[in-house]
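Chain by chain, the residues:
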Amino acid sequence: MALRGLRPIAEIQYLDYLLYGLQPLSDDVASLQYRTKGTQFCPIIVRTRGHRLEGIWHSGSPMGMIINSLRGLHVCVPRNMVQAAGMYNTLLQAKRTGYRD
């Protein structure tokens, strides 16, 4: 949908389920702009919830793996709904202007 000009917001129920989608996100979405020499990009928002971003130990959180495996994508972690609304508005506005990172 994002490659066709739409602005999808995909929902993954829990952060742990994101692990099953890491390969297409890292191999296809994150590297699309590089592979097409800047002519295409995939403006997608993947929303997830249900995790406090911490484990028993500091290394128990999957956020470190997500941040390090998704190079080329923005990872936003809002702490409340006001921050989430602001991040969505910023990301959707960036898509409209053709912003590429």
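The rules behind these values
Residues numbered from 1 in each chain as written. Predicted model: local features only at pLDDT ≥ 70, side-chain atom pairs only at ≥ 80, totals over all residues. Heavy atoms only, no water. Helix = DSSP H or I, 4+ residues; strand = E, 2+ residues; numbered from the N terminus. Buried < 20%, exposed > 50% of the residue type's maximum accessible area, 1.4 Å probe, protein only. Contact = heavy atoms within 4.5 Å. Areas by Shrake-Rupley, 256 points an atom, 1.4 Å probe, with all protein chains shown as cover. Patch = residues over 30% accessible without salt bridge, like charges linked within 9 Å, V, L, I, M, F, W, Y side chains within 5 Å. Salt bridge = Lys/Arg side-chain N within 4 Å of Asp/Glu carboxyl O. Core = buried A, V, L, I, M, F, W, Y, C linked by side-chain atoms within 4.5 Å. Arc of directions from axis to C-beta. Polar contact = N/O pair within 3.5 Å; in protein donor to acceptor, adjacent residues only side chain to side chain. pLDDT = per-residue confidence, 0-100.

Asks: Quick question: what am I supposed to make of the overall build of the chain here?
Replies: In terms of regular secondary structure, the chain is built from 4 helices and 2 strands. Taken from the N to the C terminus, the helices and strands of the chain come in the order β-α-α-β-α-α. With 101 residues in all, the chain has 24% of them scored as buried. Contacts spanning at least 24 positions in sequence make up 72% of the contacts within the chain whose residues lie at least 6 apart. When the accessible surface of the chain is totalled, it reaches about 7600 Å², and 55% of it is carbon and sulfur.

Asks: Can you walk me through unusual backbone geometry in this structure?
Replies: Note: most residues except glycine have negative phi, and most peptide bonds are trans. Positive phi, close to 55°, is recorded for Lys-37, a residue that is not glycine. In this structure, Lys-37 sits in the loop between helix H2 (32–35) and strand E2 (45–48).

Asks: Looking at this structure, I do not really get a nonpolar patch on the surface. What am I missing?
Replies: Together, Tyr-14, Tyr-17 and Tyr-20 line one region of the surface with nonpolar side chains, adding up to about 400 Å² of accessible area. Position of Tyr-14 relative to the elements: it lies in the loop between strand E1 (9–12) and helix H1 (22–29). With a relative accessible area of 34%, Tyr-14 lands in the partly exposed category.

Asks: What am I meant to see in the nonpolar core here?
Replies: If you look at soluble globular proteins, the nonpolar side chains tend to sit buried side by side. In terms of nonpolar packing, the biggest core is built from 12 residues, these being Ala-2, Ile-12, Leu-15, Leu-18, Leu-22, Leu-25, Val-29, Leu-32, Cys-42, Met-63, Ile-66 and Leu-70. For this core, the elements supplying multiple residues, two or more each, are H1 and helix H3 (63–69). With 3 residues, H1 is the largest single contributor of residues to this core. Discounting chain neighbours no more than four positions away, the residues touching Leu-22 are Asp-27, Met-65, Ser-69 and Leu-70.

Asks: Can you walk me through H1 in this structure?
Replies: Structurally, the α-helix is built with 3.6 residues per turn, so residues lying three or four positions apart point the same way. All of the buried residues in H1 are Leu-22, Leu-25 and Val-29. The buried residues of H1 occupy an angular sector of 105° when projected down its axis, which confines them to one face.

Asks: Even after reading the chapter, I still don't get the environment of Asp-28, so can you show me in this structure?
Replies: Along the chain, Asp-28 turns up in helix H1. Here the alpha-carbon distance between Asp-28 and Cys-42, two residues 14 residues apart in the chain, equals 9.1 Å. Ignoring any residue separated from it by four or fewer positions in sequence, one finds Asp-28 in contact with Gln-23 and Arg-35.

Asks: When you look at the side chain of Ser-31 in this model, what are you seeing that I'm missing?
Replies: Tracing the backbone through its elements, the reader meets Ser-31 in the loop between H1 and H2. A distance of 2.5 Å separates a polar side-chain atom of Ser-31 from the backbone oxygen of Asp-27.

Asks: How do you make sense of the confidence of the model for the chain when you look at a structure like this?
Replies: In regions of low pLDDT, the predicted coordinates are not meant to be interpreted in detail. Confidence in the prediction for the chain averages 77 pLDDT; 81% of positions are at 70 or higher. Ranking the elements of the chain by mean pLDDT puts H3 last with 78 and E1 first with 86.

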